[in-house]
Amino acid sequence: MNPKIAVIARVGAHRPFEAAGLEQLGVQVLETPYGPSRPLHFFRHKGLEFALLSRHGEAGYEISAPFLNAKANLYALKALGIQKILAWVAPGSLQEELAPGDLVIPHDVLDEGRGGPHTFFTGVGWGFIRHNPLFCPEMRASLLESLQGVPFKVHPQGVYVATTGPRLETAAEIRKFRVLGGDLVGQTLVPEVFLARELEFCYAALTYVVNYAEGLLNRPYQPGVLFEGLATPEEMAKVSALEAAFPELILKVLPALAAAPRACPCPRLLERYRLRGDIGEDWRTWVR
Ligand code: HPA
């Protein structure tokens with residue numbers, strides 16, 4: 001087994017693949033200097049091996065975003081020889097045209113959160129890494145291409161505003177994020193994307209909108225229902241339809257993502273520090 005691509009998804013993401021009868025290659029929890037990783041599930045589909053990790057839990061939503069151990073999960077993927085990561089993420093929308101149940105391939109991030117740890121490079125001199133393009137351009141192009149023809153609206157770009165949860169935003173915060181140029185709001189892509197760059201992964205996100213963000217539309221507060229009334233039953237039905245298509249969407253995009261040649265900047269994000277002799281070839285010596 002030698003998977004080079006991984007999907008970091010949300011909750012119990014291995015189950016629909018198992019239910020679809022995909023060939024299962026095993027499950028592993030890796031011990032890392034940052035603690036244990038989430039379980040890594042390995043599958044093979046038409047000759048393509050891939051790893052799958054659920055950030056928030058195996059059976060249910062066990063860990064909220066600010067308490068995810070992104071460093072342990074990314075360390076484990078790197079240790080396994082993974083080169084590319086597709087992040088499956090479910091943000092809110094800051095724009096009416098990005099509707100619940102739509103797919104968005106974000107191209108940039110506004111970090112408006114207060115979380116950490118944001119770096120593997122604590123207390124050392126390396127890590128001044130350029131962050132434009134933020135997401136792997138090769139993977140983003142491949143996603144756009146392979147999503148042609150899916151029965152969902154696909155938005156080719158979006159600015160993801162990262163906040164620190166687990167609470168949702170105030171209406172004033174959402175108004176501010178719109179002024180700043182945000183399109184989506186969520187709690188999971190940061191610090192994951194920044195940490196992934198420090199390990200020179202190719203990393204791109206495929207997001208699907210789950211709700212209009214607070215205050216964008218007139219949504220009275222309803223205790224006891226999902227999102228307390230922030231999303232309507234019709235919107236939630238669209239989101240459920242998209243979620244049901246998760247395994248097909250992933251299997252549709254993975255072959256081209258895996259085949260992309262890595263002619264992008266991602267494998268050499270730390271080249272300057274290698275050339276300068278600050279870091280060696282073995283990535284395990286870079287991280288703290
Ligand atoms: N805000 C923050 N995170 C989210 C939201 C939201 O509206 N929806 C899904 N994740």
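Please read these numbers as outputs of a predicted model, since none were measured by experiment. Each chain has its residues counted from 1, following the order in which its sequence is written. Where totals are concerned, whole chains, interfaces and linings use all residues; where local detail is concerned, this predicted model gives features only for residues with pLDDT of at least 70, and gives and counts side-chain atom pairs only at 80 or more. The side-chain figures draw on all heavy atoms in the structure; neither hydrogens nor water molecules are used.

Draft legend 1. Inspection of the sheet that holds strand 12 (residues 159-162) at higher detail. Strand pairing is assigned whenever DSSP detects at least two bridges linking the two strands. Under the scheme used here, helices are H or I runs from DSSP no shorter than 4 residues and strands are E runs no shorter than 2 residues, and both carry numbers assigned from the N terminus. Ordered in space as 10-12-13-8-15, the five strands form an open sheet in which the pairing is mixed. What marks the edges here is a single partner per strand, and that holds for strand 10 (108-111) and strand 15 (211-212). Both strand 8 (residues 92-93) and strand 13 (residues 184-186) contribute to a ladder of two bridges, which runs antiparallel. Paired with G92 across the strands is V185, a residue of strand 13.

Draft legend 2. Summary view of the packing of helix 6 (residues 233-244) against helix 7 (residues 246-259). Here the axes come from fitting lines to C-alpha atoms, over the contacting stretch only for helices, and the angles between their N-to-C directions go from 0 to 180 degrees. Here helix 6 crosses helix 7 at 50°, and the two axes come no closer than 4 Å. It follows from the interaxial angle that helix 6 and helix 7 lie oblique. Facing L242, E243 and A244 of helix 6, the residues of helix 7 in contact are F246, P247, E248 and L249. Split by residue class, the contact of helix 6 with helix 7 holds five nonpolar, no polar and two charged. Here the word oblique covers every angle except those under 35 degrees (roughly parallel), over 145 (roughly antiparallel) and from 65 to 115 (roughly perpendicular). Any pair of residues with heavy atoms lying within 4.5 Å of one another is described as a contacting pair. Here the nonpolar group is Ala, Val, Leu, Ile, Met, Phe, Trp, Tyr, Cys and Pro; Asp, Glu, Lys and Arg are the charged ones; every other residue, Gly included, is treated as polar.

Draft legend 3. How the structure looks around the environment of L195. Relative to the helices and strands, L195 resides in helix 5 (residues 189-198). Using a 1.4 Å probe on the protein chains alone, a residue whose accessible area is under 20% of its type maximum counts as buried, one over 50% counts as exposed, and one in between counts as partly exposed. Note on L195: relative accessible area 0%, which makes it buried. Remark: the alpha-carbon pair of L195 and Q222, spanning 27 residues in sequence, is separated by 37 Å. For L195, the contacting residues outside a window of four places in its chain are A70, K71, L74, P117, H118, T119 and F120.

Draft legend 4. View of the nonpolar core. Here, nonpolar core refers to any group of buried Ala, Val, Leu, Ile, Met, Phe, Trp, Tyr and Cys residues whose side-chain atoms link them within 4.5 Å. Membership of the largest hydrophobic core comes to 48 residues, with the highest contact counts inside it found for L74 and L270. For this core, the secondary-structure elements that each account for two or more residues are strand 1 (5-11), strand 5 (40-45), strand 6 (48-57), helix 2 (70-79), strand 7 (84-89), strand 12, helix 5 and strand 14 (202-208). Sequence-distant contacts of L270, defined by excluding residues within four places in its chain, comprise F121, W126, I129, R197, E198, E200, I279 and W286. In this structure, A204, L206, L249 and V253 belong to the second largest nonpolar core, which totals 37 residues.

Draft legend 5. Helix 7, seen in detail. Between its terminal C-alpha atoms helix 7 stretches 21 Å, which fits the 20 Å expected from 14 residues at 1.5 Å a residue. Here the bend at a residue is taken as the angle between two axes, fitted respectively to the seven residues that end there and the seven that start there. Roughly 30° is the biggest bend found in helix 7, and it falls at V253, with proline P255 one to four residues downstream. Listing the buried residues of helix 7 in full gives F246, P247, L249, I250, L251, V253, L254 and L257. In this analysis, the expected span of each helix is defined as 1.5 Å times one less than the number of residues it contains.

Draft legend 6. Here's a closer look at the sheet that holds strand 5. Taken together, eight strands build an open sheet; the order of strands is 2-5-6-1-7-14-9-11 and the sheet is mixed. Both outer strands of the open sheet, strand 2 (23-28) and strand 11 (154-155), are each paired with one neighbouring strand and no more. With six bridges connecting them, strand 7 and strand 14 associate as parallel partners. In the strand pairing of strand 14, W88 is matched with L206. Of the strands in this sheet, strand 1, strand 6, strand 7 and strand 14 touch helix 5, which is tilted by about 160° from strand 14. Docked against the sheet, helix 7 engages strand 1, strand 5, strand 6, strand 7 and strand 9 (103-104), running at close to 155° with respect to strand 7.

Draft legend 7. Examining the packing of aromatic side chains more closely. The rule is short: rings of Phe, Tyr and Trp, with Trp giving its six-membered ring, pair when the centres are within 6.5 Å, and they are stacked under 30 degrees, edge-to-face over 60, tilted in between. Per the counting criterion, the structure on display carries 10 aromatic pairs. The interplanar angle of 45° and the centroid separation of 4.9 Å between the aromatic rings of W88 and F246 together place this pair among those described as tilted. Residue W88 is found in strand 7, and its partner F246 is found in helix 7; the two are separated by 158 residues along the sequence. Judged by its relative accessible area of 4%, W88 falls in the buried class. The buried category is assigned to F246, whose relative accessible area is 5%. Clustering of aromatic rings is evident, with ring pairs tying together F17, F43, F50, W88, Y208 and F246. A ring is considered to have a charge above it if a Lys NZ or an Arg CZ atom is located within 6 Å of its centre and within 35 degrees of its normal. Over the ring of F201 we find K78, and its NZ or CZ is 5.3 Å from the ring centre.

Draft legend 8. Examining the site of the ligand more closely. In these notes, residues near a molecule or strand are those with any non-hydrogen atom within 4 Å of it. The environment of the ligand is made up of A90, P91, G92, L168, E169, V185, G186, Q187, V210 and N211. A 3.5 Å cut-off defines polar contacts: any pair of N or O atoms within that distance qualifies, except that in protein one atom must be a possible hydrogen donor and the other a possible acceptor, and neighbouring residues in sequence count only when both atoms are side-chain atoms. Interatomic distance of 3.4 Å between a backbone N/O atom of A90 and a nitrogen atom of the ligand. N211 places a side-chain nitrogen or oxygen 2.6 Å from a nitrogen atom of the ligand. Surface accessibility follows the Shrake-Rupley procedure with a 1.4 Å probe radius. Residue values consider only the protein chains on display as shielding. Alone, the ligand offers 260 Å² of accessible surface; in the complex the protein occludes 91% of this. With respect to the detected pockets, the ligand is housed in the largest pocket. A breakdown of the residues in the shell around the ligand according to their chemical character gives five nonpolar, four polar and one charged. For cavity detection a 1 Å grid was placed over the protein atoms alone, and a set of points counts as a cavity when a 1.4 Å probe fits there but cannot get out; an open set counts as a pocket when protein lies on both sides within 12 Å along at least five of seven lines, with lining residues being those that have an atom within 4 Å of a point. Grid points define the cavity or pocket, and a molecule sits in it when more than half of its atoms lie within 2 Å of them.

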